[in-house]
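Remarks on the overall topology
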Amino acid sequence: MSDFDTIIRGGRISTAADTFHCDIGIRDGRIVALGEKLGSADEVIDAEGHWVLPGGIDSHVHISQPSGDGIVMADDFESATRSAALGGNTTVLPFCMQEKGVSLREAVKAYHAKADGECYTDVSFHLIISDPTEQVLGQELPALVDDGYTSFKVFMTYEGLALSDLEMLKVMAVAREKRALVMVHAENYDVIRFLTDQLEQAGKTAPRFHATSRPVIAEREATYRAISLAELSDVPLVVVHVSNREAMEEIRRAQQKGLKIFGETCPQYLTLTENDLDGLNMEGAKYVCSPPPRDTDSQEACWQGLQQNVFSVFSSDHCPFRYDDPQGKLTPKGRTSFRWVPNGIPGVGARLPVLFSEGVRKGRIDINTFVAVTATNHARAYGLSARKGTIAVGMDADVAIWNPDIEQTLTHAMLNDGSDYTPYEGMKLTGWPVTTLVRGKVVARNGRIEAPKGHGTYLKRDLSGYV
Ligand code: URP
Ligand code: ZN
Ligand code: ZN
């Protein structure tokens, strides 16, 4: 009998804290030894010349989420976790959305039914609270936190999702009581509604006006308001998908005051601008997401937010719709305004290669920061750090092995998701995750999936390390 199931030999390991050379011994899905000359193994993976990193944790993805009239999300759990694994991820956290009038408990049950047996990576669910009734706040939500659903997102915009300040305060009161973590989508709903009506009346309906309808001021104001409500409620808060300098500075100011306010940014805010929404005909719809991509100064601010720890997590906000499809970005005929273009862009497979190339290989962030903002901090924020997010004895063997030097042009075909485009098409990238192991099993290698779907399991989470 071999000493180990698998040994990863000869790689350069980086965690959020250190970089060192050694072999990794894996047994029963966990890392059981770090060292040299470890012994025998059923499989030895040669990682000479490669970088060995904790598998990515993407704590902001949307999968099979109800999306309104006639619109269908492009990824189910199988295709989203397939793309995630090929892109170096080992865990993803999608949102279980409560639709108005539906019990939260029922929503959770239905969402599990969609995920069960379908996943290549491990998964865990945040909740989206859209209908904070007495039943939800008094019974369902507290019980669900006890059951390991320890984080939930609230929206300050979007029809059917936006909560009033009063409702946000009620949700935050439950979070405080149960020590759960609140995530917020911060954009001012009334500003967006007002500007959208004005733009439409002026005949400005092309996708680029999506960005005009959601200006920085709307995001900055809502960010300040959400932080104020969290301060009043005495709860930590994650401001997700931050797109610009002014919102980032609101978060920094709160952090400097000693408040537990955390920030997240995403690949679109580092690499795209509102000019991308300007494509011919409806091509700009491919880039419609909220908040929208801004300008080059906003990109620079988001890099600074990562470099200076204002942002502790870098997520994809993968929210995939097909482009050439009336159930996707080209909404049914007759609905020609940007108002009807579903918000969201795919990114779960591209997130890590884009940050690795644009960040690490171009010298904007070091490899330890890369690991922190793509894996370790997600585990800490969302109650997974007992098992996930670093390479150490006792942890799950969730590992991505990178060729740091390979140069490629990104194409949608490399991502293998359910969408029909990537907003990052044509980017020149250096570095790619060539092998991904989830709990010790090779799930993806050289662009192919090797494990059966269903290897990924559901993770019940602890309370957030941020609370
Ligand atoms: O446009 C976006 N970001 N769509 C996904 C939903 C959300 O707000 O995160
Ligand atoms: Zn959002
Ligand atoms: Zn999102």
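Below you will find a few notes about this structure. (Residues numbered from 1 in each chain as written. Chains lettered and ligands numbered in written order. Predicted model: local features only at pLDDT ≥ 70, side-chain atom pairs only at ≥ 80, totals over all residues. Heavy atoms only, no water.)

Topic: the layout of surface pockets
- What the largest pocket holds in volume is close to 1200 Å³.
- Forming the boundary of the largest pocket are 45 residues, of which Ser-67, Tyr-158, Glu-159, Arg-339 and Asn-343 lie nearest the centre.
- Broken down by secondary-structure element, the contributors of at least two residues to the lining of the largest pocket are strand S12 (151-155), helix H5 (189-201) and helix H6 (208-213).
- In terms of residue class, the lining of the largest pocket is built from 16 nonpolar, 18 polar and eleven charged.
- If you add up the space inside the second largest pocket, you get close to 210 Å³. (1 Å grid on protein atoms, 1.4 Å probe; cavity = no way out; pocket = protein on both sides within 12 Å on 5 of 7 lines; lining within 4 Å. Points joined across faces, edges and corners; volume = space filled by probe spheres on them. Helix = DSSP H or I, 4+ residues; strand = E, 2+ residues; numbered from the N terminus. Nonpolar A, V, L, I, M, F, W, Y, C, P; charged D, E, K, R; others polar.)

Focus: the packing of aromatic side chains
- Taken as a whole, this structure holds twelve aromatic pairs when the rule is applied.
- When the centroid spacing of 5.1 Å and the interplanar angle of 65 degrees are considered together, the rings of Phe-77 and Tyr-111 count as edge-to-face. Of this pair, Phe-77 sits in helix H1 (residues 77-86) while Tyr-111 is found in helix H2 (residues 104-115), placing the two residues 34 residues apart along the sequence. You'll find Phe-77 and Tyr-111 in the same group, each marked buried.
- Where Tyr-323 meets Tyr-421, the ring centres are 6.5 Å apart and the plane angle is 75 degrees; that geometry is what we call edge-to-face. (Phe/Tyr/Trp six-rings, centres within 6.5 Å; stacked < 30°, edge-to-face > 60°. Buried < 20%, exposed > 50% of the residue type's maximum accessible area, 1.4 Å probe, protein only.)

As for the state of the cysteines
- One pass over the full model with this rule turns up zero disulfides.
- Residue Cys-319 stays outside any disulfide, its sulfur separated by 9.1 Å from that of Cys-289, the closest cysteine.
- Under the relative-accessibility criterion, Cys-319 is labelled buried at 8%. (Disulfide = S-S within 2.5 Å.)

Focus: the coordination of the zinc ion (ligand 2)
- Within the protein, the atoms that donate to the zinc ion (ligand 2) are Lys-153 (NZ), His-185 (ND1) and His-241 (NE2), at distances of 2.1 to 2.2 Å.
- Between the zinc ion (ligand 2) and the zinc ion (ligand 3), a spacing of 4.0 Å is present. You can see Lys-153 sitting in strand S12 and its partner His-185 sitting in strand S13 (residues 181-185), a full 32 residues away along the chain. No difference in accessibility class separates Lys-153 from His-185, as the two residues are buried. (Donors = N, O, S within 2.8 Å, 3.2 Å for Na, K, Ca; no water.)

Limitation: the analysis is restricted to geometry and does not speak to function.
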